[in-house]
Amino acid sequence: MRQRLCLVACCLIACAPGAPRPQPPVAAPPPPAADRILEPAEPALRLPRNFLPVRYAATLAIDPARDGFDGRIAITGTVSERSLVIWLHGHHLTIRRATAHRDAAGGTDVELTATPHGDELLELRAATPLDAGSWTLALDYTGAYDALSTTGAFKQTVHGEPYVYSQLEAVYARRVFPCFDEPDSKVPWQLTLEVPAALVAVSNTPVARETPLDAGRKRVEFAPTRPLPSYLVAFGVGPFDVVDAGATAHGTPIRVIALHGRAPDAAWAAKTAPRLLELLEELFGSPYPYAKLDLLAIPLAVGFGAMENAGLVTFSEPLILLPPHAPKLREYDWVRAAAHELGHQWFGDLVTMAWWNDIWLNEGFANWVEHKISARFEPAWHEELAEIEARNSALGDDSLVVARKIRQPIATPDDIFNVFDGITYDKGASVLGMFERYVGPEVFLAGVRAYLVDHAYGNATSDELVRAIGTAAGKDIRTAFATFLDQPGAPQITATLVCDPGKQPRVALGQERYVPPGAEAPEAGQPWIVPVCVAYDRGGARGEACTLLDAPVGSLALDEPACPAWVMPNAWGRGYYRTAYTEDQVTALRDQAWPVLAPAEREAVMFDVEDEAALGALPLPLALSFVPRLLAAGDRFSIRAALAIPLAIGEFVPDDLRPAYEAWLRRTFGPAAHQAGLTPSDRESLDLEVTRDDLVHAVGTVGRDPVLAAAAVVLAGKWRDLPPAIRPRVAELAAPAQPAVFQRLLRAVYTEDDRQRRLELIGALAATRDVAQQRAVLALVLDPKLDIRDTSMILGLGALEPNRVAAQQFFRDHQAELLARLPQDGAASGPADLSAMFTASCAAARRDEIAGYITATFGKLRGGARVVAQQVESLDQCIARRALLEPAIRHWLAAPAAPAPAARGK
């Protein structure tokens, strides 16, 4: 604007009467195309396109016993115009030599000078300009293994045996290869690994050739890949056990690549993988798209649990390697994780988003897929209710005014690290689920299948996916979809029953952005175009009606002559919106509608009721009145919903009322917790295993039940040999119950050689409420004999304010050392996520001090600016919620005790 005003003013002066007419400058004619030489400046975000790769051939010399690797890479690509400079990504790679070879007949080699720029870029400057055409860049280089953050090529040692793995998403391929590290650069890769002869080497594709080398080494050449972006290239080298898991119906081989000596623990993964792949092939209507499938175990992963590399999917050890008698929950977690990552073989690998702003096309769809496949794999798990839990979680993330959009523009490199969050995963999946219901599951799936066919082995955008679904549905849904993709937040729907005499009943609908107390008013956005379906009383039966609410207000007619007794404004719980209920509406849902509501609808109702009660919009006793009904249902989702109401407000209970609060938990949930007990049977369902754990935690740990604590102290004498399903809770109950038990478990942290058990001990000890014990546990974080990647969890696990303050002070006292030792990469935002340990205090008197400290400490870290902004708003909302809720809590806990609900049956 400033430049435009200057131009207008200058024109007025120059064109005034009598003013000399300015002469236009004489511009030099542009050089002929043949003489123009491109020399692109250092890029700020995207690489210049004067050179585009068409294929890679890379050789890595990897010996896990060393601290680094040697690499050679040949990048064949097209120079679009005569160029002196080519830019590639490269992070801390030492380039020993670089040349460019003209691929035309009689082509010559041109020396390249490689110069690092910052941490991420390589400038390749040619000795003489490179003419337009096909060239192959050849670079010899060295790189280092990451020993901490599990990014790039990283090294881990288990029982004295070293392994090397790769993790290249999001922008870590540049730590292994000089390359175009952007998702739309999707071309074939051919990888060769030179490794010690006794080790196993795996990559994305089958081994094409294996050749002995000198000095006890071998060369393993892998077949060329189908087109892949750099972040999906993968490899592993180590003394692996290889477990045959059969093949797909089309003959594609499947293997589990386990840690040395752990082949027996791969049995569950090997048994289930073929079935999961079969279900995915049925869902997508096409065969698994790659030549083989290896499932590779990683001992420890920072910030990720699994990665969907094409043909070589990696999983952290606890997910994929399950010991005998593993908890049912771990079996379930494996199926969900595997369904997610194998679903990526189509969504993300076969079809890749064009740029990181559309990462939800990968992750949101993979979450949508994991629910579909898990439900088909085992219907008794009721995965449709887990889908509602994911929707509820996303709505929680979306309650921040500073929440991201699903399709968030990528303006800086930091933005790439911020996109791997609940908005991408759970909101993305929930919006897909809502529109799936709107157009119909079969129609939706037809659009998905067409999208996969049209963009196979290429890249695509959100618009192309939505267009494919709309084409299948015969309607344009792009505008409706965009209202959820391109603006943050979520709508809150009001649904008012209108029954005018002599007229058909209708529901008056309204929408506005949900903004809780404590948040600043956001800028006005456009109304969402929301598919709204309501369930309602239809003469004692159940009716449903749907509409597309595309304005701030709307109306929905009901096919019922009489005025319905109740209305539930989110049929099947699939709408991605909150509902604002009145007290009368909630009472009618509880007393009249409850028997005919589907379990998913009950989950959705309870989410809204709990939130409104926590904000004072509904009476707290009304929300708590649902607890007996939820307990009576007996399934893990209902019990969790029953516990969610009192546990969510536990943080806001004043110290003087905490004994009354704990007594209420024991009185209300104690019978069910005692009936479940601490000793599982051999053949328990997933529901019973999970509900036992939830109930014991609520009654024993939060409610400080002496009966459960005494039983745990007895069992803790042989803690290590307890069934894995109950072992963590026994330690959590027993450690604070007796100082001698606490000290014994604290010493066991140093002697326990099984990492899963060690993590259980650390988590249990960190839950202590004794501040002196908490300080002893915090000391583990800086003990060099322990892995800080295991012990750092202690910083965020202070149960109540005295412990939390102790953890905050510990961090402040050791801030420099902690930030230097903690992994900086791998996790979505690295150490910046630790800002939550300060904002969780929810202390109004310390608000400015906390906000200032976390801004100064974490705001300039990678991805930290957005994380800190979200945490400061979370703090403000929490302070406002505490002020609203504390009077209701005081009134509730001062009321006469009600009789305990009957214990549920097994």
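As the structure is a prediction and not an experimental result, all values here were calculated from the model.

1. Topic: the overall build of the chain
Here's step 1: Check the secondary structure of the chain and you find 29 helices and 28 strands.
Here's step 2: Here the C-alpha atoms of the chain give a radius of gyration of 30 Å, agreeing with the 29 Å that 2.2 N^0.38 yields for 906 residues.
Here's step 3: When the backbone C-alpha atoms are referred to their principal axes, the chain occupies close to 95 × 85 × 60 Å.
Here's step 4: Within the span of the chain, comprising 906 residues, buried residues form 57% of the whole.
Here's step 5: In the chain, the share of contacts with a sequence separation of at least 24, taken over all contacts with a separation of at least 6, comes to 72%.

2. Re the state of the cysteines
Here's step 1: Using the criterion set out here, one finds three disulfides in the structure.
Here's step 2: Here Cys 533 engages in a disulfide with Cys 546; their sulfurs sit 2.1 Å apart. What sets the handedness of the Cys 533 and Cys 546 disulfide is the S-S torsion sign, and at about 110° it is right-handed. Separated by 13 residues along the polypeptide, Cys 533 in strand β24 (residues 530-538) and Cys 546 in strand β25 (residues 541-549) bring together distant segments of the chain.
Here's step 3: Paired by a disulfide, Cys 842 and Cys 878 hold their sulfur atoms 2.1 Å apart. Looking down the S-S bond of the Cys 842 and Cys 878 bridge, the torsion is -115°, so its handedness is left-handed. Here Cys 878 lies in helix α29 (residues 864-894) and Cys 842 lies in the loop between α27 (836-839) and α28 (847-858), a separation of 36 residues in the sequence.
Here's step 4: When its relative accessible area of 3% is taken as the criterion, Cys 842 is described as buried.
Here's step 5: Among the residues examined, Cys 878 registers a relative accessible area of 18% and is labelled buried.

3. Points about helix α6 (residues 383-397)
Here's step 1: Compared with the 21 Å implied by 1.5 Å per residue over 15 residues, the 21 Å span of α6 between its first and last C-alpha is a close match.
Here's step 2: All buried positions along α6 are accounted for by Glu 383, Leu 385, Ala 386, Glu 387, Ile 388, Ala 390, Arg 391, Asn 392, Ala 394 and Leu 395.

4. A closer look at the packing of helix α4 (residues 328-343) against helix α5 (residues 360-377)
Here's step 1: At their nearest, the axes of α4 and α5 sit 8 Å apart, and the two run at 130° to each other. Classed by the angle they form, the pair α4 and α5 counts as oblique. The hand of the α4/α5 crossing is right-handed. For the pair α4 and α5, the contacting residues are Val 335, Arg 336, Ala 339, His 340 and Gly 343 in the first and Glu 363, Ala 366, Asn 367, Val 369, Glu 370, His 371, Ile 373, Ser 374 and Phe 377 in the second.
Here's step 2: Considering only residue class, the contact of α4 with α5 consists of six nonpolar, five polar and three charged.

5. Describing the sheet that holds β25
Here's step 1: Strand order in this open sheet of three strands is β25-β24-β27, and the pairing throughout is antiparallel. Taken across any chain shown, the strands that pair with only one partner, and hence form the sheet edges, are β25 and β27 (567-568).
Here's step 2: Against the sheet, helix α8 (residues 422-439) engages β24 and β25, with an angle of about 65° to β24.

6. With respect to unusual backbone geometry
Here's step 1: Look at the link from Glu 169 to Ala 170: it is a cis peptide, with omega at 5°.
Here's step 2: Among the structural elements, Ala 170 can be located in the loop between β9 (161-167) and β10 (189-196).
Here's step 3: Even without being a glycine, His 92 presents a positive backbone phi close to 55°.
Here's step 4: Locating His 92 in the fold gives a position in the loop between β3 (83-89) and β4 (94-102).
Here's step 5: Phi is positive for Tyr 457, close to 65°, though the residue is something other than glycine.
Here's step 6: Looking at the element boundaries, Tyr 457 is found in the loop between α9 (441-454) and β21 (458-460).

7. Description of the sheet that holds strand β11 (residues 200-203)
Here's step 1: Taken in spatial order, the four strands of this open sheet run β8-β9-β14-β11, and their pairing is antiparallel. This sheet does not close on itself; its edge strands, each paired only once, are β8 (152-158) and β11. Averaged over all neighbouring strand pairs, the angle between strand axes comes to 10°, with direction disregarded.
Here's step 2: One ladder, built from seven bridges, connects β8 with β9; its direction is antiparallel. Each bridged residue has a counterpart across the sheet, and for Gln 156 the counterpart in β9 is Tyr 163.

What counts and how
Residues numbered from 1 in each chain as written. Predicted model: local features only at pLDDT ≥ 70, side-chain atom pairs only at ≥ 80, totals over all residues. Heavy atoms only, no water. Helix = DSSP H or I, 4+ residues; strand = E, 2+ residues; numbered from the N terminus. Rg over C-alpha atoms; globule rule 2.2 N^0.38 Å. Buried < 20%, exposed > 50% of the residue type's maximum accessible area, 1.4 Å probe, protein only. Contact = heavy atoms within 4.5 Å. Disulfide = S-S within 2.5 Å. Expected span 1.5 Å × (residues − 1). Axes fitted to C-alpha atoms, helices over the stretch in contact; angles between N-to-C directions. Parallel < 35°, antiparallel > 145°, perpendicular 65-115°, else oblique. Left-handed = near helix turned anticlockwise from the far one by under 90°. Nonpolar A, V, L, I, M, F, W, Y, C, P; charged D, E, K, R; others polar. Pairing = 2+ DSSP bridges.

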